Amino acid sequence: MSEELFPGFTDLLQGWVLKKGPARAPQRVAESDVEDLAKASIDTLRQRVTGEAGADWGSLQALTDGWLVQRQKGEKPSPLGEEDFRFLVTFVLEGLSAPRQKAIQLSPLEEVEQESAVTSGDESQIAQEDPFKFAREHLARAL
């Protein structure tokens, strides 16, 4: 969900190592952690806008309470703080406000046909512009 809504959110947290409590071993950030952080960031944003959280960081603060995070290799682990919460919520806010383009998955053959339909003109001119056009079309049809 988070990667669909917020491309780059997983990359943002990729180097993190989490220790979620004193009895738990440190581990790299998992996909479930990314999902939880994305959901908590959205919820915190909602809470702050509606005034439910007050000066607190709501769901993000509750989720990460007791976590120690090593953000980069060689860095000393520390708890998440206001700067981290602000960064996560800002990233989510920018993701929500960014214009969306509907992603259309085309097969290789459809891509070649669409390319052919868009291109108009003499075949020799097309071959000069893209010398591999016919080879790609042949491969797309063979697949």
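Because the structure is predicted, anything quoted here is derived from the model rather than measured.

Peer 1: How would you sum up the side chain of S41? Please name residues and give values.
Peer 2: As for its placement among the helices and strands, S41 is situated in helix α3 (residues 31–50). Of the residues examined, S41 reaches a relative accessible area of 0% and is grouped as buried.

Peer 1: Outline helix α5 (residues 82–97), supporting the account with residue identities and numerical values.
Peer 2: For α5, spanning 16 residues, the distance from its first C-alpha to its last is 22 Å, which sits close to the expected 22 Å at 1.5 Å a residue. For α5, every residue scored as buried is listed here: D84, F85, L88, V89, V92 and G95. Along the long axis of α5, the arc covered by the buried residues comes to 125°, so they all point the same way. Opposite the buried face of α5, at more than 90 degrees from it, the exposed residues are E83, E94 and S97.

Peer 1: Describe α3, naming the residues involved and giving the relevant values.
Peer 2: For α3, with 20 residues, the first-to-last C-alpha span of 29 Å sits near the 28 Å given by 1.5 Å per residue. Among all positions in α3, only D33, V34, E35, L37, A38, A40, S41, T44, L45 and Q47 are buried. Where α3 terminates, the next one or two residues include G51, which has phi positive at roughly 85°.

Scoring rules and cut-offs
Residues numbered from 1 in each chain as written. Predicted model: local features only at pLDDT ≥ 70, side-chain atom pairs only at ≥ 80, totals over all residues. Heavy atoms only, no water. Helix = DSSP H or I, 4+ residues; strand = E, 2+ residues; numbered from the N terminus. Buried < 20%, exposed > 50% of the residue type's maximum accessible area, 1.4 Å probe, protein only. Expected span 1.5 Å × (residues − 1). Arc of directions from axis to C-beta.

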